[in-house]
Each structure stands twice: as C-alpha cells, then as structure tokens.
Amino acid sequence: MEKQTSRAMALDVAQWKASAMAETMNMRLIALGDGTATFEATPGPKYYNPQMRVHGGYAATLIDSAMGCAVQTKLAPNTGYGTIELKVNYVRKIDADTGRLLCTGHVLHAGRTMFTADAKLTDEAGKLYAHGSGTFLVYPS
C-alpha cells in the first residue's frame, strides 16, 4: 500500500485511500483543510451492540479518525503520528434511524512532538451525538 503524505491529502480528498477499518465502517473522508478533516458514515444494524444500539467504538473511531487526519494536514511529508490519548463523550444513542453522520476534527495545538485536537459527531441537521478530544505523538517516519 502506498503511503500518503499530508501534502497530498491537502491537495485532493479523492487521493485518500480508505484503510480496512474505514471500509468496514463504510466511512469516507469528505473534506480537508488546514488543521481540519471531516468524515461521513452511515450507521446500521451491523454495528449494533447487544442493546440494539450502535456500539460506542463506532463513534470513537470516527472521532479518532477525524482528529488524526486533521493532525496529518499540519505535518510535513514523511512525518508520522499516533494517538496516545482519546476521550469520547457520548451525548445520545446512535442507531440505524440516525442516518448519515458527519465528524469534523480540528487541531487545537500543533507542537513539535505533541498535538491536541477535538472532534464533533453530528447528524446532517447539526444535532450532536458525541464529541471528543485527543493527544497525538509526532515522530519521523
């Protein structure tokens, strides 16, 4: 698999290649900016937990992905990063009736070796379903 640089991502969202996780969750990167990234995904019953609601890991993955790609837009080519802390707040249930979700991440702090970011998970009307924050370690690839 070809490694993508942040500069390539910033030029064209269409160049983004979904990971196996993104394909499994049917999530897609739809927008990038300087320190921001937005994903879309549509939850369904295949993501349900035993309580017949979408598993919390679904929202956490969207939040982590949006924040991570937002961080990547601020990095030089051939610079890696990894999530070292993730905090998610669940505001309301997600199920198949929720419809299309949007998750936008924003870089809050861009340091030499550490970044922080936050993200919000909403429906198309802007209703909040979850939000989170994270810390990311930056390292040379």
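Just above, that's the structure.
Summarised in this report is the structure supplied together with it. (Residues numbered from 1 in each chain as written. Predicted model: local features only at pLDDT ≥ 70, side-chain atom pairs only at ≥ 80, totals over all residues. Heavy atoms only, no water.)

Some thoughts on helix α3 (residues 56-72)
Three or four residues apart is the spacing at which side chains of an α-helix point the same way, because the helix has 3.6 residues per turn. We apply this condition: Helix and strand definitions follow DSSP, with helices as H or I runs of at least four residues and strands as E runs of at least two, each counted in order from the N terminus. Helix span, expected: 1.5 Å multiplied by one less than the number of residues in the helix. Each residue gets one of three labels from its accessible area relative to the maximum for its type: buried under 20%, exposed over 50%, partly exposed in between, using a 1.4 Å probe on protein chains only.
With 17 residues, α3 should reach 24 Å at 1.5 Å per residue; the first-to-last C-alpha distance of 24 Å fits that figure. The buried fraction of α3 is high, at 13 of 17 residues.

Here's the deal with the sheet that holds strand β6 (residues 128-140)
Here is the rule: Any two strands with at least two DSSP-identified bridges between them are counted as paired. Structural elements are reduced to axes, namely lines fitted to C-alpha atoms, with helices fitted over the stretch in contact, and the angle between N-to-C directions of any two is expressed from 0 to 180 degrees. What makes two residues a contact is simply this: any of their non-hydrogen atoms within 4.5 Å.
In space, the six strands of this open sheet follow the order β1-β2-β4-β5-β6-β3, with antiparallel pairing throughout. For this open sheet the edge positions go to β1 (27-33) and β3 (79-90), each flanked by a neighbour on one side alone. For this sheet the average axis-to-axis angle between neighbouring strands, irrespective of direction, equals 25 degrees. Its contacts with the sheet place α3 against β1, β2 (36-41), β3, β4 (101-110), β5 (114-123) and β6, and it is angled at close to 140 degrees to β3.

Section: the packing of aromatic side chains
Heads up, the rule is: Note on ring pairs: Phe, Tyr and Trp rings are taken, using the six-membered ring of Trp, and paired if centres are within 6.5 Å. Classes follow the plane angle, with under 30 degrees stacked, over 60 edge-to-face and the rest tilted. Note on criteria: charge over ring means Lys NZ or Arg CZ within 6 Å of the ring centre, with the direction from the centre no more than 35 degrees off the ring normal.
Going through the model one piece at a time under the given rule, you end up with two aromatic pairs. Between Tyr47 and Tyr58, the aromatic rings sit 4.8 Å apart at their centres with planes inclined by 40 degrees, giving tilted as the arrangement. With a gap of 11 residues between them, Tyr47 in the loop between β2 and α3 and Tyr58 in helix α3 connect regions that are remote in the sequence. Of the two residues examined, Tyr47 and Tyr58, each falls in the buried class. If you follow Arg92 out to its NZ or CZ, it ends over the ring of Tyr129, 5.7 Å from the centre.

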